[in-house]
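These are the residues of each chain, in order.
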Amino acid sequence: MSKKRKWDDDYVRYWFTCTTEVDGTQRPQCVLCNSIFSNADLRPSKLSDHFNRQHGGVGGHDLNSLKHMPAPSDRSETLKAFGVASHEDALLQASYQFAYLCAKEKNPHTIAEKLVKPCALEIAQIVLGPDAQKKLQQVPLSDDVIHSRIDEMSQDILQQVLEDIQASPLKVGIQLAETTDMGDCSQLMAFVRYIKEREIIEEFLFCEPLQLTMKGKDVFNLFRDFFLKHKIAFDVCGSVCTDGASSMLGANSEFVACVKKEAPHIVVTHCLLNPHELVTKTLPTKLRDALFTVVRVINFIKGRAPNHRLFQAFFEEIGVEYSVLLFHTEMRWLSRGQILTHIFEMYEEVNQFLHHQSSNLVDGFENKEFKVHLAYLADLFKHLNELSASMQRTGMNTVSAREKLSAFVRKFPFWLKRLEKRNFTNFPFLEEIIVSDNEAASIAAEIPLHLQQLSSFFHGYFSVGDLAEASKWILDPFLFNLDFVDDGYLMKTDLAELRASGQILMEFETMKLEDFWCAQFTVFPSLAKTALETLIPFATTYLCELGFSSLLHFKTKSRSCFNMNDDIRVAISKKVPRFSDIIEQKLQLQKSL
């Protein structure tokens with residue numbers, strides 16, 4: 001019988017501990033990979049060889065406490081104390097990290113077990129060997145596992161957002177928008193804006209389906225129920241910006257009535273991003289007919305597969321730049337200006353194609369009056385696109401947005417004066433036709449009247465105007481004339497004191513306006529509170545529009561039956577899941593079962 005080797009406490013230097021069998025035989029176990037060796041390997045040369053060959057000889061910790069290694073059931077706690085993840089922890093962490101990347105890239109959950117894991121196993125087998133392949137094989141990446149991981153990470157992110165909302169020193173701003181996905185299901189999406197520490201944060205809140213109808217009361221109930229479900233007072237909301245849908249827009253709409261009844265202090269505004277809709281609804285009959293003719297031409301070409309293929313082949317043959325046209329849609333207004341520009345620039349080629357296909361749209365398309373109106377609409381919608389694009393960014397507040405709208409409306413008088421003098425500088429497509437055609441000039445004479453009407457509609461619909469004079473200190477407290485502030489205004493003294501600080505002036509010149517006022521909360525709380533109450537409300541539903549773009553990636557024909565709330569949250573949230581907390585809770589749950 002061979003002599004049994006004895007454990008020596010000095011062996012912990014190689015990251016080994018001792019396990020004792022029933023018959024008293026001692027066997028070394030690596031605390032880094034959990035490998036258990038025979039009693040014959042219980043010698044320095046064997047242990048050192050494993051440590052250097054498998055783990056690169058990495059040290060740096062005081063290992064004396066390993067002499068009193070706890071029972072195997074508690075070994076994971078010891079490994080954590082030394083900054084080493086146990087085998088079980090490592091498998092869970094890898095699983096969660098992959099699920100996180102899967103959601104961020106908006107991939108289907110099945111991609112893990114159908115593509116990624118098989119590829120990883122093949123690579124591990126070829127490059128690292130069978131041992132590495134066996135380890136990778138243990139990482140749980142099934143469809144159901146990825147789904148549950150994303151759900152857990154989503155709940156953790158949501159919990160972080162809810163904690164931030166409750167800790168915000170001011171009431172939060174909400175933006176709400178509704179859309180219909182490819183499964184004809186109405187989806188209501190919401191984002192929230194709140195203050196955390198020294199900055200304003202914008203975060204995804206929820207995306208929930210409207211089950212039955214899309215009435216204002218249904219929208220309100222879903223919106224309110226979210227707060228009730230998570231035990232947050234509804235009056236934490238200070239403002240709500242909607243997408244302008246009929247169920248939510250207007251002082252007399254059902255949604256606004258419900259909001260005001262529940263929380264009268266909440267300010268409900270509508271998105272300033274879609275002036276195209278206002279322009280379309282206020283077009284005179286002839287201009288509206290011209291717009292609808294363009295829509296019919298697009299649908300004739302794109303709505304029929306043979307026509308679309310012939311259209312592409314025709315344009316490739318004559319070497320024209322635009323071989324693919326955008327569909328006209330009612331909700332994505334930015335495409336409308338591009339459609340009109342493309343049609344005008346390809347007018348002759350599209351006309352030839354309609355003739356070739358013997359379309360009944362030819363007569364209306366060739367009409368000279370139509371071409372003049374098309375040129376004007378292309379110019380006008382191009383200006384509107386530029387206005388909308390300037391407001392399409394994160395952090396856009398109502399003050400900045402209304403300044404841009406006000407600047408746009410102030411251009412109308414200049415445009416009118418130039419048109420009266422037959423100066424079409426601001427309408428280059430229209431100028432292209434007018435210069436070469438006197439008859440077209442007489443048709444264009446009615447255009448100034450539409451611009452006058454449009455200016456009036458903009459003023460009434462968007463309440464275009466600058467910030468009240470007495471509140472302009474919010475934009476620049478240093479250049480603001482204090483004479484505009486009443487002497488009885490309690491914060492006038494604070495304003496005077498703030499203006500006297502050179503350090504605060506440097507902060508104002510180097511920081512964003514919102515961040516500057518957040519930084520003044522400790523020094524001038526009254527000023528900061530008043531300023532931020534003006535800056536927090538959303539001016540547009542731009543974030544919801546981005547969210548709907550992400551929804552298109554998730555809601556495919558093969559995934560249309562799923563509620564994508566959790567996937568979207570993980571994909572577009574700026575917050576990162578607290579992986580260590582999630583894994584620890586998971587392990588504790590497994591132990592308790």
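Above this text is the structure in question.
Below is a summary of the structure that appears in this document. Keep in mind that what you see is a predicted model, and the values were worked out from it rather than measured. Every chain is numbered independently, its residues counted from 1 as its sequence is written. Owing to the predicted nature of the model, reporting of local features is limited to residues with pLDDT of at least 70; listing and counting of side-chain atom pairs is limited to 80 or more, with chain, interface and lining totals taken over all residues. Values shown for side chains rest on all heavy atoms present in the structure; no hydrogens or waters enter the calculation.

**Some details on the overall build of the chain**
Our working rule: For the purposes of this entry, the term helix denotes a DSSP run of H or I that reaches at least four residues, the term strand denotes a run of E that reaches at least two, and both are numbered from the N terminus. Exposed residues in this analysis have more than 50% of their type's maximum accessible area, buried residues have under 20%, and partly exposed residues fall in between, with area computed by a 1.4 Å probe over protein chains only. Whether two residues are in contact is decided by their heavy atoms, any of which lying within 4.5 Å being enough. For every accessible area listed, the method is Shrake-Rupley and the probe measures 1.4 Å; residues are considered covered only by the protein chains on display.
When its secondary structure is counted, the chain shows 27 helices and seven strands. Each of the 593 residues in the chain was classed as buried or not, and the buried ones make up 48%. Taking as baseline every contact in the chain between residues at least 6 positions apart, the subset at least 24 positions apart corresponds to 66%. Accessible area for the chain stands at about 29,900 Å²; split by element, carbon and sulfur atoms hold 52% of it.

**Brief notes about the sheet that holds strand β5 (residues 199-209)**
Put simply, the rule reads: Strand pairing is assigned whenever DSSP identifies at least 2 bridges connecting the two strands. Axes, fitted as lines to C-alpha atoms, cover a helix only where it is in contact. Angles between the N-to-C directions of the axes lie from 0 to 180 degrees.
If you walk across this open sheet you meet the five strands as β5-β4-β3-β6-β7, and the pairing is mixed. If you trace the sheet from one side to the other, it starts and ends with β5 and β7 (267-270), each paired once. Pairwise comparison of adjacent strand axes, ignoring direction, gives a mean angle of 20° for this sheet. Along the sheet, helix α7 (residues 216-229) makes contact with β3 (172-180), β4 (186-196), β5 and β6 (237-242), crossing β5 at roughly 120°.

**As for the packing of helix α25 (residues 542-554) against helix α26 (residues 565-572)**
Note the threshold: By the definition adopted for this analysis, an angle is roughly parallel if under 35 degrees, roughly antiparallel if over 145, roughly perpendicular if from 65 to 115, and oblique otherwise. By definition, any crossing whose near helix is turned counterclockwise from its far helix by less than a right angle is left-handed, and any crossing with a clockwise turn is right-handed. Residues are grouped as follows: Ala, Val, Leu, Ile, Met, Phe, Trp, Tyr, Cys and Pro are nonpolar; Asp, Glu, Lys and Arg are charged; all remaining types, including Gly, are polar.
Orientation of α25 relative to α26, taken along the N-to-C sense of each, is 120°, at an axis distance of 10 Å. Taken together, the axes of α25 and α26 are oblique relative to one another. In terms of crossing hand, the pair formed by α25 and α26 is right-handed. Counted together, Gly547, Ser550, Leu551 and Phe554 of α25 and Asp567, Ile568, Ala571 and Ile572 of α26 form the full contact between these two elements. Of the residues that constitute the contact of α25 with α26, the class distribution is five nonpolar, two polar and one charged.

**Some details on a positive patch on the surface**
This is how it is decided: Nonpolar side chains (Val, Leu, Ile, Met, Phe, Trp, Tyr) within 5 Å and like charges within 9 Å form the patches, drawn only from residues with over 30% relative accessible area and no salt bridge. Counted as salt bridges are all cases of a side-chain nitrogen of Lys or Arg within 4 Å of a carboxyl oxygen of Asp or Glu. His is not counted, nor are the chain ends; Lys and Arg add positive charge and Asp and Glu add negative charge. By convention, the charge on Lys lies at NZ, on Arg at CZ, on Asp at CG and on Glu at CD.
Where like charges cluster on the molecular surface, the positive patch consists of Lys3, Arg5, Arg43 and Lys46. Residue position: Lys46 is located in helix α1 (residues 44-55). Since its relative accessible area comes to 39%, Lys46 is described here as partly exposed.

**Some details on the pattern of salt bridges**
Counted according to the given criterion, the structure contains twelve salt bridges. Between Asp225 and Arg224 there is a salt bridge, and its shortest N-O distance comes to 3.7 Å. Several salt bridges share partner residues, and in doing so they unite Asp156, Glu163 and Arg578 into one network.

**Quick look at helix α15 (residues 368-391)**
Filter applied, for reference: Take the number of residues in a helix, subtract one, and multiply by 1.5 Å to get its expected span. A 3.5 Å cut-off defines polar contacts: any pair of N or O atoms within that distance qualifies, except that in protein one atom must be a possible hydrogen donor and the other a possible acceptor, and neighbouring residues in sequence count only when both atoms are side-chain atoms.
Across its 24 residues, α15 extends 35 Å between first and last C-alpha, which sits within 8% of the 34 Å expected from 1.5 Å per residue. Within α15, 17 of the 24 residues are buried, which leaves the element mostly enclosed by the surrounding structure. Put simply, Asn367 is the residue that caps the front of α15, since its side-chain oxygen is 2.7 Å from the backbone nitrogen of Glu369.

**Thoughts on the nonpolar core**
Our working definition: Definition of nonpolar core: a set of buried residues of the types Ala, Val, Leu, Ile, Met, Phe, Trp, Tyr and Cys, connected through side-chain atoms within 4.5 Å. Domain limits in this description derive from either an automatic procedure or a database domain assignment.
In this structure, Leu430 and Phe458 are the most contacted members of the largest nonpolar core, which totals 74 residues. A per-element tally of this core places α15 first, with twelve residues. Looking at which domains feed residues into this core, each of domain 2 (151-231 + 558-592) and domain 3 (277-462) gives three or more. Core analysis: the second largest hydrophobic core is formed by 32 residues, Val219, Ile232, Cys258 and Ala263 among them.

**Observations concerning the environment of Ile582**
Relative to the elements of secondary structure, Ile582 occurs in helix α27 (residues 579-592). Taking the C-alpha atoms as reference points, Ile582 and Met153, 429 residues apart in sequence, are found 7.6 Å from one another. Aside from chain neighbours lying at most four places away, what touches Ile582 is Tyr96, Glu152, Met153, Asp156 and Pro577.

**A few points about helix α24 (residues 525-535)**
Selection criterion: This arc is built from the directions going out from the helix axis to the C-beta atoms.
Among all positions of α24, only Leu527, Ala528, Ala531, Leu532 and Leu535 are buried. Along α24, the residues classed as buried sweep out an arc of 115° about the axis, all on the same side. Buried residues along α24 sit against β4, β5, α16 (398-409), α21 (492-499) and α23 (513-519).

**Observations concerning the side chain of His383**
Structurally, the position occupied by His383 is in helix α15. A relative accessible area of 17% places His383 in the buried class. Once you skip the residues sitting within four places of it in the chain, His383 turns out to touch Phe408, Trp415 and Asn426.

**Some thoughts on unusual backbone geometry**
Peptide bonds are, in most cases, trans, and in most cases residues other than glycine have a negative phi. Unlike most non-glycine residues, Lys106 shows phi in positive territory, near 60°. For Lys106, the location among the structural elements is in the loop between α3 (87-104) and α4 (111-128). Positive phi outside glycine occurs at Arg422, with the angle close to 60°.

**Things to note about the packing of aromatic side chains**
The geometry of an aromatic ring pair is captured by two quantities: the separation of the ring centres and the angle between the planes. How we decide: Working definition: a ring pair exists when centres of Phe, Tyr or Trp rings (six-membered ring for Trp) sit within 6.5 Å. Plane angles under 30 degrees give stacked, over 60 give edge-to-face, the rest tilted.
Considering all chains together, one arrives at 23 aromatic pairs under this definition. With a centroid separation of 5.9 Å and 85° between ring planes, the pair formed by Phe220 and Phe234 is classed as edge-to-face. Here Phe220 is found in helix α7, whereas its partner Phe234 is found in the loop between α7 and β6, with 14 residues between them in sequence. Taken individually, Phe220 and Phe234 each receive the classification buried, so the pair is uniform in this respect. Linked through ring pairs, Phe206, Phe220, Phe223, Phe226, Phe227, Phe234 and Phe255 together constitute an aromatic cluster.

**Regarding the packing of helix α6 (residues 143-167) against α26**
Taken N-terminus to C-terminus, the directions of α6 and α26 make an angle of 65°; their axes are 9 Å apart at the nearest point. Considering only the axes of α6 and α26, their crossing is left-handed. Packed against α6, whose contacting residues are Ile150, Asp151, Met153, Ser154, Gln155, Ile157 and Leu158, the element α26 presents Asp566, Asp567, Arg569 and Val570 at the interface. A class-by-class count of the residues in the contact of α6 with α26 yields five nonpolar, two polar and four charged.

**Observations concerning the pairing of β6**
The element β6 is extensively covered by neighbouring structure, given that six of its six residues are classed as buried. Judged from the four bridges that link them, β3 and β6 form a sheet pairing that is parallel. Looking at β6, one finds that Gly173 is bridged to Ser239. Relative to β7, β6 is paired through four bridges, and the arrangement is parallel. Bridge assignment links Thr242 to a residue of β7, and that residue is His270.

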